[in-house]
Amino acid sequence: MPTCTQGRGSVLMQFLGRQSPHNAFQTRRRSNNRCRVQAMATRSLAPPLPKKVSGSLVYPAKGEVKGVCHFLGGAFACAAPQVVYPLMIDSITTSGYTVIATPFAITFKHQECATKLHKEFWNTLDEVRSSSLSYCAPADTPIHGVGHSMGALMHLLIGCFCETPSKTSNIIISTNNKEIEGAVPIPGLFDTLRSTLMAYDSLPLNPFPDPIALLKDVTSVVLETSPNQPIKDLLIPSIPPIFDQIDSVLGELREGVSDFIPAPMESRSVIQNSYNVPATLMVKFSDDSIDETDEIMGLLKNGRPIRVDGLQLDGNHLTPIGGNLEWLGLDGSTGIPSQLNEISGIDSNRRLAEGVIQWMDTFVRVDVSDEPVI
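Overview of the structure. These figures come from a predicted structure and were not determined experimentally.

About the cut-offs
Residues numbered from 1 in each chain as written. Predicted model: local features only at pLDDT ≥ 70, side-chain atom pairs only at ≥ 80, totals over all residues. Heavy atoms only, no water. Phe/Tyr/Trp six-rings, centres within 6.5 Å; stacked < 30°, edge-to-face > 60°. Helix = DSSP H or I, 4+ residues; strand = E, 2+ residues; numbered from the N terminus. Buried < 20%, exposed > 50% of the residue type's maximum accessible area, 1.4 Å probe, protein only. Contact = heavy atoms within 4.5 Å. Pairing = 2+ DSSP bridges. Axes fitted to C-alpha atoms, helices over the stretch in contact; angles between N-to-C directions. Salt bridge = Lys/Arg side-chain N within 4 Å of Asp/Glu carboxyl O. Right-handed = clockwise from strand over helix to strand, strands pointing away. Parallel < 35°, antiparallel > 145°, perpendicular 65-115°, else oblique. Left-handed = near helix turned anticlockwise from the far one by under 90°. Nonpolar A, V, L, I, M, F, W, Y, C, P; charged D, E, K, R; others polar. Polar contact = N/O pair within 3.5 Å; in protein donor to acceptor, adjacent residues only side chain to side chain.

Some points on the packing of aromatic side chains
Applying the stated criterion across every chain, the model contains 4 aromatic pairs. Measuring from ring centre to ring centre gives 5.0 Å for Phe71 and Tyr85, while their planes differ by 65°; the resulting arrangement is edge-to-face. On the criterion of sequence distance, the pair formed by Phe71 in strand β3 (residues 67-72) and Tyr85 in the loop between α2 (81-84) and α3 (86-94) is long-range, its members being 14 residues apart. A residue is classified by how much of its surface remains accessible, and Tyr85, at 0% relative accessible area, is buried.

Written as structure tokens, this is what we have:
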């Protein structure tokens, strides 16, 4: 396994739970980032449609390119990041970072998944750099991994099982590495699923249609009838992967999978001993019962010369998802869009995006000519 040899000194920003996210980072771009994020979030436009390149979704940076982000979403949301994380992705691109979001299906086979995601990202990046999109991913710009929940764990494992010499940092949001029953906070869920699948499969002649296929077809038909073209353009292509991953994970349960691979204890050991990314920001929220950020931070520090910083924000495990919902075209006079935006935690989402952008900005190569002359 590769080990970190590019340390920036043993640095830990001790502000978890003690400082406001607004003063957690001191960079000269802070006020500009806040203005960009707020300006973006007030637009009543549909989320931008990404460019599909080699299995990933590419969102070119707006303006001068400061870096490239490999974005991975959480469990189930991971199959359609363009639908689930529109505000966060748009905030990042508006602030000068190209986002490459790699959709993937939820799985219990974590090492296999992480290795595949790493390969897909680099295939996409290579193709982008050799195409007309090369302007949005210059060869000398920093590369950051941004992951939420399961996507955060994938970035941690990529940093253990894959060579990442060109990676500048990871932003790990609401990570957890629990046993299979604790990862989804529904007691007895997987045992119930296994017994239900066994009963369903044992029927000599199944009188019922495939429920997943039926639900997928019904959802697609309903969306096709929508008069809102942005809804159709964004959501209809996302329906198959969202539902197909359910079949995939049910197939793994049928195979008898009883825990993640590697098991959480093994993953912790690998993270503690083999993580090779030189800088990591760990983000946690004030109301997140399944978060394990503090434990993972302890494993990453482990006396090694890598940079590990922490950021705590108001919010919960779902804060990173969602976005400005006014583009859905609901009647503004009813106040429904603003109420939905409040429920979706749009303000907390903005603060998260601002913190992530401020962190990444600390790695931007600044031209000396940009600095004020004193």
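From this point, things continue past the structure.
With respect to helix α11 (residues 264-274)
An α-helical turn contains 3.6 residues, so a residue and the one three or four places further along point in the same direction. Among all positions of α11, only Pro264, Ser267, Arg268, Val270, Ile271 and Ser274 are buried. Those residues of α11 that are buried lie in contact with α5 (150-161) and α12 (293-301).

Topic: the pairing of strand β4 (residues 97-101)
By the criterion of burial, β4 is predominantly enclosed, with 5 of the 5 residues buried. Residues of β4 alternate between two faces, with Tyr97, Val99 and Ala101 on one and Thr98 and Ile100 on the opposite face, all of them buried. Pairing of strand β2 (residues 56-59) with β4 involves 3 bridges; the strand directions are antiparallel. Residue pairing in the sheet places Tyr59 in a bridge with Val99 of β4.

Considerations on the sheet that holds strand β8 (residues 307-316)
If you trace the 8 strands from one edge of the open sheet to the other, you get β1-β2-β4-β3-β5-β6-β7-β8, paired in mixed fashion. Only two strands of the sheet have a single partner each, and these edge strands are β1 (51-53) and β8. Ignoring strand direction, the axes of neighbouring strands in this sheet form an average angle of 25°. Pairing analysis gives 5 bridges linking strand β5 (residues 143-148) to strand β6 (residues 169-173), with the strands arranged parallel. What sits directly across from Gly145, in β6, is Asn170.

Quick word on the pattern of salt bridges
Tallying each qualifying case throughout the model produces 8 salt bridges. Linking Asp90 and Lys62 is a salt bridge whose minimum nitrogen-to-oxygen distance equals 2.5 Å. Of the two residues, Asp90 is situated in helix α3 and Lys62 in the loop between β2 and β3; the sequence distance between them amounts to 28 residues. For Asp90, a relative accessible area of 7% corresponds to the buried category. Residue Lys62 is classed as partly exposed on the basis of its relative accessible area, which comes to 35%. The residue Glu292 makes a salt bridge to Arg268 at a minimum N-O spacing of 3.5 Å. Here Glu292 is found in the loop between β7 (279-287) and α12, whereas its partner Arg268 is found in helix α11, with 24 residues between them in sequence. Per residue, the accessibility class of Glu292 equals that of Arg268, and both read buried.

Some remarks on unusual backbone geometry
The residue after Ile261, namely Pro262, is reached through a cis peptide bond having omega 0°. Mapping Pro262 onto the fold places it in the loop between α10 (239-254) and α11. Phi at Phe76 takes a positive value of approximately 70°, unusual for a residue other than glycine. Along the polypeptide, Phe76 turns up in the loop between β3 and α2.

Concerning the pairing of β6
For a regular strand, side chains alternate in direction, first toward one face of the sheet and then toward the other. Across the 5 residues of β6, 5 count as buried, placing the element largely inside the fold. Of the two faces of β6, the one holding Ser169, Ile171 and Ile173 and the one holding Asn170 and Ile172 are both buried throughout. A crossover links β5 with its parallel partner β6, the connecting element being α5, and its sense is right-handed. As paired strands, β6 and β7 are joined by 4 bridges and run parallel to one another. Bridge pairing links Ile171 to Leu281 in β7.

Regarding the packing of α5 against α11
Think of two packed helices as two axes; the pair is described by the angle between the axes and how far apart they sit. The N-to-C vectors of α5 and α11 enclose an angle of 55°; their axes lie 9 Å apart at closest approach. One element, α5, and the other, α11, form an angle in the oblique class. For α5 against α11, the interelement crossing comes out left-handed. Facing α5, whose interface residues are Leu153, Leu156, Leu157, Gly159, Cys160 and Phe161, α11 presents Ser267, Val270, Ile271 and Ser274. Of the residues in the contact of α5 with α11, the class split is 7 nonpolar, 3 polar and no charged.

Let's talk about the packing of helix α4 (residues 110-129) against α5
With their axes 9 Å apart at the nearest point, α4 and α5 run at an angle of 80° to one another. Considering the angle they form, α4 stands roughly perpendicular to α5. Every residue of α5 that contacts α4 at His110, Gln111, Cys113, Ala114, Thr115, Leu117 and His118 is listed here: Met150, Leu153, Met154, Leu157, Ile158 and Phe161.

Examining the side chain of Thr98
Structurally, the position occupied by Thr98 is in strand β4. Judged by relative accessible area, which is 1%, Thr98 ranks as buried. At 3.0 Å, the side chain of Thr98 forms a polar contact with the backbone nitrogen of Ala61. Here the side chain of Thr98 touches Cys136 through a polar contact of 2.5 Å, landing on its backbone oxygen. The residues touching Thr98, leaving out its near neighbours within four places in the chain, are Val58, Tyr59, Pro60, Ala61, Val65, Gly67, Val68, Cys69 and Cys136.

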